[in-house]
Amino acid sequence: MGLTKAISKTLVATPERRQEADADWEVVRKVQAGDVSAFDKLILKYRERVYSVIYNLCANREDAADLAQGTFIKAFQSINRFQGQSSFFTWLYRIGVNATLTHLRKNRLRTFFSFDLITEEGKASEVMDALTDKVGADREVVVKELQEKLNEAMQKLSINHRMVVTLFEIDGLSHSEIAEIVGCSVGTVRSRLHYAKQLLQAELQAYLR
């Protein structure tokens, strides 16, 4: 699968995701009714995903850990405001993304698209197959060079553009879910992804098949 297809994919809400949202809503209602310990289930379920998306935005493990912890603290403090209009995880992600954007703008941090984290997520093989024909020792050299080029290309994107790419490519969210999290229209999400795709293709042209 080429880079164009990978970045252009659109995910749709599945029955499994709807069931997941319903299950989360049941847990949220328990917390709202006073069962504080029930919130631990939500932390265990989403802490790795929240940390992952934050890390891919700020590229600093210590900051990501602090921001993820702060995300759950704020979510718990605000849990009574959640009325189930959206899924819990999009509401939670919105809190985490907003906190991260505030952190980045305040500290003017450089952010990097983590190719290493994609490897941890088990998604690197199809990306690498789409970007290079190299194998063996040559492949290792290409991966290192590609990491640098990809980081450079991502730096040319605004924070908002890097954010939608991260949510779409790393966390696998749909256009509508991303729109809900970042507070914009689906059309804006598609536009930002299209712009990012064009830039990344141009910057990584030498690696495309």
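The coordinates are above.
Residues numbered from 1 in each chain as written. Predicted model: local features only at pLDDT ≥ 70, side-chain atom pairs only at ≥ 80, totals over all residues. Heavy atoms only, no water.

Colleague: Outline the packing of helix 4 (residues 61–77) against helix 5 (residues 88–107), listing residues and values.
Modeller: In a pair of packed helices, the angle between the axes and the distance between the axes together describe the arrangement. In the contact formed by helix 4 and helix 5, the axes pass within 9 Å of each other and the chain directions differ by 130°. One way to sum up the angle between helix 4 and helix 5 is to call them oblique. The chirality of how helix 4 crosses helix 5 is right-handed. Contacts from D63, L67, T71, F72, K74 and A75 of helix 4 reach helix 5 at W91, L92, I95, G96, A99, T100 and H103. (Axes fitted to C-alpha atoms, helices over the stretch in contact; angles between N-to-C directions. Helix = DSSP H or I, 4+ residues; strand = E, 2+ residues; numbered from the N terminus. Parallel < 35°, antiparallel > 145°, perpendicular 65-115°, else oblique. Left-handed = near helix turned anticlockwise from the far one by under 90°. Contact = heavy atoms within 4.5 Å.)

Colleague: Tell me what's going on with the packing of helix 3 (residues 39–58) against helix 4, and back it up with residues and numbers.
Modeller: Taken N-terminus to C-terminus, the directions of helix 3 and helix 4 make an angle of 140°; their axes are 8 Å apart at the nearest point. In terms of axis orientation, helix 3 runs oblique to helix 4. Of the two possible hands of crossing, helix 3 and helix 4 adopt the one that is right-handed. Contact residues: helix 3 offers F39, L42, I43, Y46, R47, V50, Y51, I54, Y55 and C58, while helix 4 offers R61, D63, A64, A65, L67, A68, T71, F72, A75 and F76. In terms of residue class, the contact of helix 3 with helix 4 is built from 16 nonpolar, one polar and three charged. (Nonpolar A, V, L, I, M, F, W, Y, C, P; charged D, E, K, R; others polar.)

Colleague: Tell me about the environment of S185, residues and numbers included.
Modeller: Tracing the backbone shows S185 in the loop between helix 10 (175–182) and helix 11 (186–203). Its relative accessible area of 40% is what places S185 among the partly exposed residues. Linking S185 and H175, residues ten residues apart in sequence, is a C-alpha distance of 9.0 Å. Only 2.9 Å separates the side chain of S185 from the side chain of T188, close enough to count as a polar contact. (Buried < 20%, exposed > 50% of the residue type's maximum accessible area, 1.4 Å probe, protein only. Polar contact = N/O pair within 3.5 Å; in protein donor to acceptor, adjacent residues only side chain to side chain.)

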